[in-house]
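Each chain, letter by letter, is given below.
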Amino acid sequence: MTRVFDDDLSAGFGTRAIHAGQRPDPLAGAIMTPVYLTSTYVQDALGEHKGYEYARGKNPTREAFERNVAALENGRHGFAFASGMGCLDSLMKLFRSGDHVICAENVYGGTFRLFDRVLQHFGMSFSYVDTRYADRVADAVRPNTRAILVETPTNPLMRITDLDAVGTIARKAGALFIVDNTFSSPYFQRPFEFGADVVYHSTTKYLNGHSDMIGGVAVVKDDELAARLQFIQNAAGAVAGPFDAWLALRGTKTLHLRMRQHDANGRRVADWLVEQVGAERVFYAGLSTHPQHELAKKQMSGFGGMISVELDTRERAAHVLGRAKVFSLAESLGGVESLISHPASMTHASVPPEIRARLGITDGLIRLSCGVEEPEDLLEDLERAFAEIPALGRRESASKRRAEASAAD
Ligand SMILES: Cc1ncc(COP(=O)(O)O)c(C=O)c1O
C-alpha cells in the first residue's frame with residue numbers, strides 16, 4: 001500500500017509540495033524521481049523480490065506521486081488512476097448492487113453520467129440532492145446509504161457544501177463521505193480536516209496544472225479502507241501510467257505558487273466582471289456577495305481561479321466565447337493558461353436539459369478558468385470579449401430563478 005512517509009507530514013505545504021513522497025534515487029542519487037517505464041520487475045529467486053512484482057500493482061514513479069498527494073491532503077494513503085473518472089469508477093467499486101449513494105445534484109457532468117448511465121445498471125441507486133442544505137442531505141439518507149459524495153465548490157455554479165455538517169450526517173449514517181476536491185486543490189481546502197473519508201481529484205486540473213495529461217487520484221486515511229482500495233486499484237487496473245504520474249508529480253511541486261496566482265487573478269477578474277454585469281450574475285465564492293461566502297471562508301483559505309458568469313442568452317455567451325483570445329475556448333480547467341467554456345454544451349452536455357435548466361446551467365452561462373498569466377492581459381482580453389455585447393436586461397436574476405426552482409423541489 002502506498003502510505004505517506006510520516007516525516008513528510010511535519011513540513012509546511014510548499015515544502016511538502018516539492019519533496020513529499022520523493023527520496024533521492026538509490027542508484028545514482030537523482031533528485032528527480034525517475035520515470036520507471038517498466039511493466040515488470042526481475043526477481044532474485046522464486047519468492048524473492050524488492051517489493052515490486054508487476055507494474056499494475058506498484059510502480060515507483062506512481063508511488064512517489066501517490067505519497068505526495070496523500071501528504072498534501074493530510075491523508076495517509078494515495079491511489080493514482082488513469083483519469084478522474086477512472087478514479088471515481090474505482091471508488092464506486094467499494095460498493096455493491098443494492099447500495100445507495102447520495103450525490104450533490106450539481107457535480108461535474110461526467111460524474112452524473114457515470115452514475116446515471118452506467119452504475120445504475122449494476123443495481124446501485126443514486127439520489128441527487130442540493131447539498132447546500134444539510135437537512136436535505138439528512139432527509140435523503142436511507143438504511144442502505146453507503147456514501148455521500150459532494151463537490152465543493154461545485155462545477156460550474158460554485159455552490160458550497162458545509163463539509164463539517166455533511167461529514168457529521170455521513171458518520172451518523174455509517175456512510176463514507178467522499179469529496180471531489182478538484183476545484184480547490186489541497187492548497188485551499190483539505191476535506192479530511194472536516195470529516196471526509198475519501199478525497200479525490202481529477203489531477204488533469206490544478207494538481208498537474210499544465211494541461212498535458214489526464215489523471216485522477218484518491219486519498220484516504222483509514223488503513224482498512226486503503227487496503228480495500230488498493231485491492232480494487234490492482235484488480236480493476238485503471239492505474240496512472242508512470243509518465244503521467246511523473247508529469248503530475250512535477251506539477252504538484254509548484255501547486256502552492258500556482259494556486260496563489262490563480263487566486264489573485266480570480267479575484268481581479270471576478271471584481272471586473274461584477275462591474276460589467278452585476279454581482280448577481282457572477283458566481284465566485286471569493287466575492288462577499290456570494291450567498292455562501294462566509295461558509296466558503298470557513299473551510300477554504302482561498303478561492304482559486306474558477307468563475308462562472310450568467311449572460312442570459314446563448315448569443316451573448318457566444319459573443320464572449322468567440323472574441324476571447326488569451327482565454328482559450330476549451331473544456332477543462334486548472335491549467336496555467338486561462339480557458340473559457342460553455343458548460344451547457346461542453347462539460348455538462350451529458351446532463352439532461354431539464355435538469356440543467358432546474359440547476360441553473362443555462363445556455364447563457366459561461367465558465368472561466370483563470371490561469372496564471374499577467375492579470376492586466378486577462379482583463380484586457382475580457383474587455384475585448386465583452387465589448388459591444390448586446391445589452392443585458394434588468395436582472396430578474398438567475399439566482400432568484402434558481403431559488404424559486406429549488407423551493408419547488
Ligand atoms: C470536478 C471534476 N471532477 C472530476 C472530473 C473528471 O476528471 P477527468 O476528466 O480527469 O476524468 C472533472 C473533469 O472535468 C471535474 O471537473
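Our structure is the block above this text.
Just so you know, these numbers come straight off a predicted model, no measurement behind them.

> Kindly report on helix α4 (residues 109-118), identifying the contributing residues and their values.
Those residues of α4 that fall on the buried side of the exposure criterion are G109, G110, T111, F112, L114 and F115. Contacts from the buried residues of α4 go to α3 (84-92), β2 (100-104), β3 (125-129), β4 (145-151), β6 (198-202) and α13 (353-359).

> Give a description of the side chain of H100 that names residues and reports values.
Position of H100 relative to the elements: it lies in strand β2. Using a relative accessible area of 0% as the deciding quantity, one classes H100 as buried. Within polar-contact distance, the side chain of H100 engages the side chain of S127 at 2.6 Å. Beyond its immediate stretch of four places on either side in the chain, H100 contacts S125, F126, S127, A140, R142, N144, T145, R146 and A147.

> Quick one: what's the story with the layout of surface pockets, residue by residue and with numbers?
Computed from the structure, the second largest pocket encloses a volume of approximately 320 Å³. Surrounding the second largest pocket, 21 residues form its lining, G84, M85, Y108, S202 and K205 being those nearest its centre. Mapped onto the lining of the second largest pocket, the elements with two or more residues apiece are α3 and β6. Element by element, the count of residues in the lining of the second largest pocket is highest for α3, at three residues. Among the residues making up the lining of the second largest pocket, the classes are represented as seven nonpolar, nine polar and five charged.

> Talk me through a negative patch on the surface; I want residue IDs and the actual numbers.
Among the surface-exposed residues, E374, D377, E380 and E383 lie close enough to one another that they form a single negatively charged patch. Counting through the fold element by element, E380 comes out in helix α14 (residues 375-386). Residue classification places E380 among the partly exposed residues on the basis of a relative accessible area of 48%.

> Got a sec to walk through the packing of helix α12 (residues 314-323) against α14? Specific residues and values, please.
In a packed pair of helices, the relevant descriptors are the angle between the two axes and the axis-to-axis distance. For the pair α12 and α14, the least separation of the axes is 8 Å and the interaxial angle reads 135°. What the angle tells us is that α12 and α14 run oblique. As α12 runs across α14, the sense of the crossing is right-handed. Residues H319, V320 and R323 of α12 form the contact with α14, whose participating residues are R384, A385 and F386. Tallied by class, residues from the contact of α12 with α14 come to three nonpolar, one polar and two charged.

What counts and what doesn't
- Residues numbered from 1 in each chain as written.
- Predicted model: local features only at pLDDT ≥ 70, side-chain atom pairs only at ≥ 80, totals over all residues.
- Heavy atoms only, no water.
- Buried < 20%, exposed > 50% of the residue type's maximum accessible area, 1.4 Å probe, protein only.
- Helix = DSSP H or I, 4+ residues; strand = E, 2+ residues; numbered from the N terminus.
- Contact = heavy atoms within 4.5 Å.
- Polar contact = N/O pair within 3.5 Å; in protein donor to acceptor, adjacent residues only side chain to side chain.
- 1 Å grid on protein atoms, 1.4 Å probe; cavity = no way out; pocket = protein on both sides within 12 Å on 5 of 7 lines; lining within 4 Å.
- Points joined across faces, edges and corners; volume = space filled by probe spheres on them.
- Nonpolar A, V, L, I, M, F, W, Y, C, P; charged D, E, K, R; others polar.
- Patch = residues over 30% accessible without salt bridge, like charges linked within 9 Å, V, L, I, M, F, W, Y side chains within 5 Å.
- Areas by Shrake-Rupley, 256 points an atom, 1.4 Å probe, with all protein chains shown as cover.
- Salt bridge = Lys/Arg side-chain N within 4 Å of Asp/Glu carboxyl O.
- Lys, Arg positive; Asp, Glu negative; His and termini not counted.
- Charge placed at Lys NZ, Arg CZ, Asp CG, Glu CD.
- Axes fitted to C-alpha atoms, helices over the stretch in contact; angles between N-to-C directions.
- Parallel < 35°, antiparallel > 145°, perpendicular 65-115°, else oblique.
- Left-handed = near helix turned anticlockwise from the far one by under 90°.

Structural measurements only, silent on function.
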